[in-house]
Amino acid sequence: MKIIVAHPAQQHSYRLAAALKKSGQLYKYVTTVYYKPHSLTKIVAAILPGKFKTKASHRRCAELEDDDVIQFCEGEGLLKLLALNTPILRKKYRQIKYHTADRFAKKVADYALAHKVDAVICYDDCSPLLFEQLRDTAPHILRIMDMSAANLLYMRAIYEDDLKMAPTFSSILLNERRSVWDERNVDRTKRELEATERFLVASEFVRDSLLFSGIKENQISICPYGVDVERFAQKEYPPVNQLKSRAIRFVYVGGVKELKGIYYLLEAFLQIPKEQAELTVVGGCNLEMEELKKYVHRVRFTGSVLHEKMPELLKENDVFVFPSLGEGQSLSVLEAAACGLPLIVSVNSGVGKIVEKMGAGFLIPIQSIDAIREKIEFFIQHPGQIISMGNIAREMALRYTWAAYDARIKDWAEKAEANTHEYKP
């Protein structure tokens, strides 16, 4: 089967494209910004400062040959990244994003038609135009949506509850996820769902969000992501007596975002004495925000950290906590598990059920300060469990390697080829 993987940004699309290449089913990977010879991206990267140069040079996949990659709308893709990272242009980001996504979608549809491919895999919130055009002009080309997160319609109901439960952070959530209340985006989501034939999702949580929106279960395949268990190797644990003699170190990775449940985590730590527990929050934040001032004395905020430095940072800590309101499947949780950190994760984290089933930590409800505090106190009172649960967390991560992901994708693609149009919505 000749498959195009198309994404105007990145997410985990490199991994999917590489997995399909290994199985012999990738035709081309299509994107906007990509670091390869003679690309505009490489030219621009040469003049970028510091971490932006590093990020740009990493915008490529080592497992793909340059000839495997096609670029459309590269200049617009770079402009979108500029808008995202420049305060004066940030207000224009969404406008640029969707304009670029729609132009990119039309070009991908034309390319798929011209090259007579069998299937196109695209991503949620990229553009309904791609699948609508294929549906109308080439219905024989299978239209597959790789869902990296729960769909907008499902998450809106969760966020509306959160606005009532966490009013202190309501302005943050409204700013972070204002798109879910924008009827234009709601319409785009509905059109994407309607034009898609099959869905590839990372977790039961994402599957449930699609069922909520009327998608049939036989349209959905679950294929969890992976983690690099060599880069994120297991840490060496301190002796239990040492853990008893100092504050237990908790870490959260995901940015200071209310959609990650950050309010509930920060509030929980205000109720725990400093000498008993520390919290490190990793991710972009603005410590001048009024909402954060009450926590600065109690919590260590690192700001953004380059991904290559994450293994070392994770290993400096004892327990990973992640109370997100909704994730497709949290890669940061898998990375922490691979390092051997026991986990406190929400039911909507995308990995909660296996964490609970294996005993790699604790599953907590979303939007609960009390539940977070209770599990923090458990590790303070039972430091030996950090080691035993951490070992189980490592075992859990070994089930979710990228090699395992590649094997799942190969199996899924073979079944999709054998039953190309078994289901037609």
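Look above for the structure.
Here's a quick rundown of the structure.

Thresholds applied
Residues numbered from 1 in each chain as written. Predicted model: local features only at pLDDT ≥ 70, side-chain atom pairs only at ≥ 80, totals over all residues. Heavy atoms only, no water. Pairing = 2+ DSSP bridges. Helix = DSSP H or I, 4+ residues; strand = E, 2+ residues; numbered from the N terminus. Axes fitted to C-alpha atoms, helices over the stretch in contact; angles between N-to-C directions. Buried < 20%, exposed > 50% of the residue type's maximum accessible area, 1.4 Å probe, protein only.

**Observations concerning the sheet that holds strand β11 (residues 319-322)**
Strand pairing in a sheet relies on backbone hydrogen bonds. The paired strands run either parallel or antiparallel.
Logical step 1: Across the sheet, six strands lie side by side as β10-β9-β8-β11-β12-β13; this open sheet has parallel pairing. Looking at the sheet topology across the chains shown, the edges are occupied by β10 (300-303) and β13 (361-364). With direction set aside, neighbouring strand axes in the sheet form an average angle of 20°.
Logical step 2: Sheet topology places strand β12 (residues 343-346) next to β13; four bridges connect them, and they run parallel. Bridge pairing in β13 links Ile 344 to Phe 362.

**Let's talk about unusual backbone geometry**
Logical step 1: Positive phi, normally seen in glycine, also occurs at Gln 11, with a value near 50°.
Logical step 2: Residue class for Gln 11 comes out partly exposed when judged on its relative accessible area of 42%.
Logical step 3: Phi at Cys 73 is positive, roughly 55°, even though this residue is not glycine.
Logical step 4: Along the polypeptide, Cys 73 turns up in the loop between β3 (69-71) and α4 (74-85).
Logical step 5: For Cys 73, a relative accessible area of 10% gives the class buried.

Honestly, it's all geometry; don't read function into it.
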